[in-house]
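An overview of the molecular structure
These are the residues of each chain, in order.
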Amino acid sequence: MEGSKALHLQAWAEASGRAFLRFDYSGHGASGGAFLDGAIGDWFQDARAVLDLIAGPVVLVGSSMGGWISLLLARECPERIAGLVGIAAAPDFTEDSMWQGFSPDQRRALERDGRVSLPSDYSDEPYVITRRLIEDGRTHLVLRDALPLPFPVRLLQGTDDTDVPPAVALRLLDHAEGPDIRLTLVKGADHRFSSPGCLRLMTEAVEEIAD
């Protein structure tokens, strides 16, 4: 909720007189709960509860895992969605990136211990992945069955993103079905997608849909 993209969108919404809501999933940021206790289904329910607080159609903006959560919302209640902006969206990452990338030893450790620790690019502390995160993720995959998106969709993706590579965005673009789905690749942008130019692209995408 305190990330540069969320704060930039809030400032834009305030300046343009538009309603805006940002929130932290349980176990994230200012919200209560332990991160390791959570899973995709829990965070989807958080987002669903927040959507229920809002009247009228909304433009969903989701970055990384938030892109996956946005797609789950769009699949469950498309009548509430005016449009969707995904920034380095990471649908199905627990299966396609984490599980598929585990070594046999890591898979055995996950099954035996209920968790496995991986090095993190963002912290000296290891990144812990729980068995529940993997198993719950399998019940919320969006790239295995039809994914109709009957509203404007703008996907923004950096070519230098090593966490969610461009191939993921291309797969989503190919898989999703809808009359107005566009992917913008930004050469040199990384997973944070927070340079002034990237923030401007995000705002323009939201504004285009909202208008």
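Residues numbered from 1 in each chain as written. Predicted model: local features only at pLDDT ≥ 70, side-chain atom pairs only at ≥ 80, totals over all residues. Heavy atoms only, no water.

1. Considering the packing of helix H2 (residues 40–51) against helix H3 (residues 65–76)
What counts here: Under this scheme, a helix contributes an axis fitted over its contacting stretch, all axes are lines through C-alpha atoms, and angles between N-to-C directions fall in the 0 to 180 degree range. Helix and strand labels come from DSSP, where a helix needs a run of H or I of at least four residues and a strand needs a run of E of at least two; each type is numbered from the N terminus. Any angle that is under 35 degrees is reported as roughly parallel, and any over 145 degrees as roughly antiparallel; angles of 65 to 115 degrees are reported as roughly perpendicular and all others as oblique. Less than a right angle of anticlockwise turn of the near helix away from the far helix marks a crossing as left-handed, whereas a clockwise turn marks it as right-handed. What makes two residues a contact is simply this: any of their non-hydrogen atoms within 4.5 Å. Classification used: nonpolar for Ala, Val, Leu, Ile, Met, Phe, Trp, Tyr, Cys and Pro, charged for Asp, Glu, Lys and Arg, polar for all others including Gly.
In the contact formed by H2 and H3, the axes pass within 10 Å of each other and the chain directions differ by 60 degrees. As the angle between them shows, H2 and H3 are arranged oblique. As H2 runs across H3, the sense of the crossing is right-handed. Here H2 contributes Ile40, Trp43, Phe44, Ala47, Arg48 and Leu51 to the contact with H3, which in turn contributes Met65, Trp68, Ile69, Leu72, Leu73 and Glu76. A breakdown of the residues in the contact of H2 with H3 according to their chemical character gives ten nonpolar, no polar and two charged.

2. Quick look at the pairing of strand S1 (residues 58–63)
Condition: We call a residue buried when its accessible area falls under 20% of the maximum for its residue type, exposed when it is over 50%, and partly exposed in between, using a 1.4 Å probe and counting protein chains only. With its strands directed away from the observer, a crossover is right-handed exactly when the path from the first strand over the helix to the second travels clockwise.
Only one face of S1 is buried: it carries Val58, Leu60 and Gly62, and the other face, with Val59, Val61 and Ser63, is open. Following the backbone out of S1, through H3 and into the adjacent parallel strand S2 (residues 81–87), one traces a crossover that is right-handed.

3. Some thoughts on empty space enclosed by the protein
What counts, and what does not: The way it works is a 1 Å grid over only the protein atoms, where trapped points that fit a 1.4 Å probe form a cavity and open points with protein on both sides within 12 Å along at least five of seven lines form a pocket, and then any residue with an atom within 4 Å of a point lines it. Grid points are joined across faces, edges and corners, and a volume is the space filled by probe spheres set on the points.
Counted according to the given criterion, the structure contains one cavity of 30 Å³ or more. Looking at the largest cavity, its volume works out to about 40 Å³. Along its surface, the largest cavity is lined by Phe35, Leu36, Gly38, Trp43, Val128, Thr130 and Leu133. Its residues assigned to classes, the lining of the largest cavity comprises five nonpolar, two polar and no charged.

4. Brief notes about the pattern of salt bridges
Which entries qualify depends on this criterion: A pairing counts as a salt bridge when a side-chain nitrogen of Lys or Arg comes within 4 Å of a carboxyl oxygen of Asp or Glu.
Inspection of every chain in the model, using the stated rule, returns 16 salt bridges. Among the salt bridges present, the one from Arg171 reaches Asp96, with a minimum N-O distance of 2.7 Å. Separated by 75 residues along the polypeptide, Arg171 in helix H7 (residues 166–175) and Asp96 in helix H4 (residues 93–101) bring together distant segments of the chain. A relative accessible area of 36% means that Arg171 is categorised as partly exposed. Where Asp180 meets Arg154, a salt bridge forms, and the shortest distance between an N and an O atom there is 3.1 Å. Residue Asp180 is found in the loop between H7 and strand S6 (181–186), and its partner Arg154 is found in strand S5 (residues 153–158); the two are separated by 26 residues along the sequence. Put simply, Asp92, Asp96, Arg144 and Arg171 are held in one network by salt bridges that share partners.

5. Here's the deal with the sheet that holds S6
The condition is simple: Pairs of strands are assigned from DSSP output, requiring at least two bridges between the strands.
On the basis of which strands lie adjacent, the open sheet formed by four strands has the order S1-S2-S5-S6 and parallel pairing. At either end of the open sheet lies a strand with only one pairing partner, and these are S1 and S6. For this sheet, the mean inter-axis angle between neighbouring strands, taken without regard to orientation, is 15 degrees. The pairing of S2 with S5 spans four bridges and is parallel. Bridged to Leu84 within S5 is Val153. Across the face of the sheet, helix H8 (residues 196–210) comes into contact with S1, S2, S5 and S6 while running at roughly 165 degrees to S2.

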